[in-house]
Amino acid sequence: MRKLLSVIALSALAACRGGSAGGAPTPSGNAANARPAGVTDQMIALGDSLFNNGGCMRCHGAKGIGAQNGPALNDAAWVQLKSGTYDEIVQLVTTGVPAAAIKDPTRKNPMGARGGRMNLNDDQIKAVASYVWSISRK
Ligand code: HEC
């Protein structure tokens, strides 16, 4: 009986964790590919133009295919991010990647906070993160 109780307690704990991690509980399977709450087609389109007309492609290549100074963003492999969630992308673009935090020593140019010279505002960061999120799921 004691054993049974602890099993129940453990699974209740696991259920709580699953629920609190991403807000609403998501079904397993391709949950990671479900569009994050608040991300719209308009944000992805705005992010596309910021990324590809602005400073991001300078280091990450057109459409995020990767280039000399920045890793590819159009796949599921990440250098800095853990799992590439939308929230992680927003966070990374907000803070940038200072020289000391760059993982690949062949890349010499740090990524500025808020896109460096682009000086993105919060809405623009969300848009560009929506775009990066979308190309990483294709
Ligand atoms: C001056 C070059 C430069 C610019 C401009 C730049 N980045 Fe980066 N970015 C980097 C470097 C360097 C890294 C870290 C690579 C490493 O650790 O080896 C990085 C990492 C990232 C990552 C994490 C990738 C991973 O694999 O974990 C994302 C996402 C990202 N950049 C998005 C952007 C976006 C969006 C923009 C435009 C707002 C941008 N970057 C502009 C150089 C740049």
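A quick note: this is a predicted structure, and the numbers were derived from the prediction, not measured.

1. A look at helix α5 (residues 122-136)
- The first and last C-alpha atoms of α5 sit 21 Å apart over 15 residues, in line with the 21 Å expected at 1.5 Å per residue.
- Of all 15 residues that make up α5, eleven are buried, and the element is covered over most of its length.
- Listed in full, the buried residues belonging to α5 are Ile125, Ala127, Val128, Ala129, Ser130, Tyr131, Val132, Trp133, Ser134, Ile135 and Ser136.
- Close packing links the buried residues of α5 with α2 (41-53), α3 (56-60) and α4 (86-95).
- The opening residue of α5 is Asn121, an N-cap whose side-chain oxygen sits 3.1 Å from the backbone nitrogen of Asp123.

2. Considerations on the packing of aromatic side chains
- Applying the stated criterion across every chain, the model contains one aromatic pair.
- Considering the side-chain rings of Phe51 and Tyr131, the 5.4 Å spacing of their centres and the 50° angle between planes classify their relative orientation as tilted. Of this pair, Phe51 sits in helix α2 while Tyr131 is found in helix α5, placing the two residues 80 residues apart along the sequence.
- With a relative accessible area of 1%, Phe51 lands in the buried category.

3. Digging into the layout of surface pockets
- The volume enclosed by the largest pocket comes to roughly 720 Å³.
- Surrounding the largest pocket, 34 residues form its lining, Cys59, His60, Leu92, Val97 and Met111 being those nearest its centre.
- The set of elements that each furnish at least two residues to the lining of the largest pocket consists of α3, α4 and α5.
- A per-element tally of the lining of the largest pocket places α3 first, with four residues.
- Tallied by class, residues from the lining of the largest pocket come to 21 nonpolar, nine polar and four charged.

What counts and what doesn't
- Residues numbered from 1 in each chain as written.
- Predicted model: local features only at pLDDT ≥ 70, side-chain atom pairs only at ≥ 80, totals over all residues.
- Heavy atoms only, no water.
- Helix = DSSP H or I, 4+ residues; strand = E, 2+ residues; numbered from the N terminus.
- Expected span 1.5 Å × (residues − 1).
- Buried < 20%, exposed > 50% of the residue type's maximum accessible area, 1.4 Å probe, protein only.
- Contact = heavy atoms within 4.5 Å.
- Polar contact = N/O pair within 3.5 Å; in protein donor to acceptor, adjacent residues only side chain to side chain.
- Phe/Tyr/Trp six-rings, centres within 6.5 Å; stacked < 30°, edge-to-face > 60°.
- 1 Å grid on protein atoms, 1.4 Å probe; cavity = no way out; pocket = protein on both sides within 12 Å on 5 of 7 lines; lining within 4 Å.
- Points joined across faces, edges and corners; volume = space filled by probe spheres on them.
- Nonpolar A, V, L, I, M, F, W, Y, C, P; charged D, E, K, R; others polar.

All quantities given are derived from atomic positions and should not be read as evidence of function.
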